[in-house]
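The lines below spell out each chain.
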Amino acid sequence: MKKGFYIGVVIVLQIAILVKIGQLEKELNNTKNYITNKLRDQSSEIMSLYSNMEQKLKADNSLIENFDYSYGNVDKEGFKVDMTLNITPKEVRDNTNVKLNICGREYETTREDTSFRAVVPVGLFDDIDAKVIIDDGEVQKTQLLDIFESPRYRFIPAVFIQYSGSMGKYTQKDKEGTYQLKGKISIEAKAVLGNTLESAFLVSEVDGKVISEEPLSTGGQWIDINKKVNLKAGQSFKMTVIASDSLGLLHKKVIDEISLDETAKPINDDRTNSTSAVSKLSTGEVYITDKKGNILFDPYKQS
């Protein structure tokens, strides 16, 4: 009887100890979370203070009281847009003259009281690099303007073309062969104000001549494709997705291409290297041309 009583007491004590340990662990975690949150808050406050001090120092050392810029309508022929800049220097004298250097070109401004204004044409694909040059007749000072953008992000939709499937298969027979590609294609665009995709086609060419144009959806749906073409020795084949936007720009992505030598064998083309081929085909990056085929933007040549 006493033995059972003692065992019961021990069990109760063990439970009590476990409950206390649980409470201590909870209190310890709460304390740890409290300290972590406090450290995070202090770190944010320090970063905010540093940022404010940096901005204050930058403003104190700036030659400019304020400036702003905006864009006008797009020139669909030259693919340019007018950029209007308004500059107000901190110190303005009767003989103060202000010039702007935009993308390496210098422009005069028109004075309006203590402010200066200029309308500058910039290319849609330019990376804006802007400087202001202030000349009071005695000293000429230059300052970079905080403009870090390209107009293309505002006026040209971001187009994503993806391919899912294996690389094209080529089967040779004597001095000719058959090329076949099975897979899925998806086209999606992030529209911008006043510009979106209007149409898209899967274009197939043999020796640079179009042999077929198949319309494609631009809503992001996956579209089945099954292309089969007979080729002779010396011929080349290329399959490209071409999407046209409201400005008349053509967004292109080469899905696959193959060239045959005089014996009908592929030139510099390893059709067994499927890993690199799928990697090449599945990328969503596109290049952009005008209607004449002049390349205006190539993502692989951007720094």
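Up top you'll find the structure we're talking about.
This is a predicted model, so every value here is computed, not measured. (Residues numbered from 1 in each chain as written. Predicted model: local features only at pLDDT ≥ 70, side-chain atom pairs only at ≥ 80, totals over all residues. Heavy atoms only, no water.)

Colleague: Break down the sheet that holds strand S1 (residues 64-75) for me, citing the residues and quoting the values.
Modeller: Strand order in the open sheet made by the four strands is S1-S2-S6-S5, with antiparallel pairing throughout. Both outer strands of the open sheet, S1 and strand S5 (110-112), are each paired with one neighbouring strand and no more. Neighbour-to-neighbour, the strand axes of this sheet turn through a mean angle of 25°, independent of strand direction. Relative to strand S6 (residues 115-123), S5 runs antiparallel, the two being bridged by three bridges. Following the sheet pairing, Arg111 is matched in S6 by Phe116. (Pairing = 2+ DSSP bridges. Helix = DSSP H or I, 4+ residues; strand = E, 2+ residues; numbered from the N terminus. Axes fitted to C-alpha atoms, helices over the stretch in contact; angles between N-to-C directions.)

Colleague: How would you summarise the pattern of salt bridges if you had to cite specific residues and measurements?
Modeller: A side chain with one charge can pair with a side chain of the opposite charge if their charged atoms come near. In total, this model carries six salt bridges according to the counting rule given. In this structure, the salt-bridge partner of Glu108 is Lys99, at a minimum N-O distance of 3.7 Å. Its salt-bridge partner being Arg154, residue Glu149 comes within 3.1 Å of it at the nearest N-O pair. For Arg154, a relative accessible area of 41% translates into the label partly exposed. Salt bridges sharing partners connect three or more residues here, namely Lys99, Glu106 and Glu108. (Salt bridge = Lys/Arg side-chain N within 4 Å of Asp/Glu carboxyl O. Buried < 20%, exposed > 50% of the residue type's maximum accessible area, 1.4 Å probe, protein only.)

Colleague: Break down the pairing of strand S13 (residues 209-215) for me, with residues and values.
Modeller: The pairing of strand S12 (residues 197-206) with S13 spans six bridges and is antiparallel. By the bridge assignment for S13, Leu202 is matched with Glu214. If you look at the hairpin formed by S12 and S13, you'll find two residues sitting between the two strands, and Asp207 has a positive phi there, around 55°.

Colleague: Run through the nonpolar core, naming residues and quoting values.
Modeller: Grouped together as the largest cluster of nonpolar side chains are 29 residues, with contacts concentrated most on Leu85, Leu100, Ile102, Val122, Leu124, Val132 and Leu145. Elements with a contribution of two residues or more to this core: S1, strand S2 (80-89), strand S3 (97-102), S6 and strand S7 (130-135). Setting aside its immediate chain neighbours within four residues, Val132 contacts Ile64, Ile87, Val98, Lys99, Leu100, Lys141, Thr142, Gln143 and Leu145. Core analysis: the second largest hydrophobic core is formed by 26 residues, Ile223, Leu231, Ala243 and Val286 among them. (Core = buried A, V, L, I, M, F, W, Y, C linked by side-chain atoms within 4.5 Å. Contact = heavy atoms within 4.5 Å.)

Colleague: Tell me about the packing of aromatic side chains, residues and numbers included.
Modeller: Counting across every chain of the model gives five aromatic pairs. Note on Tyr69 and Tyr71: the rings are 6.1 Å apart at their centroids and 85° apart in plane angle, and the pair reads as edge-to-face. By relative accessible area, which is 24% here, Tyr69 ends up partly exposed. By relative accessible area, Tyr71 is classed as buried at 17%. Each ring, one from Tyr71 and one from Phe155, has its centre 5.7 Å from the other, and the planes form 90°; the classification is edge-to-face. Here Tyr71 is found in strand S1, whereas its partner Phe155 is found in helix H2 (residues 152-155), with 84 residues between them in sequence. (Phe/Tyr/Trp six-rings, centres within 6.5 Å; stacked < 30°, edge-to-face > 60°.)

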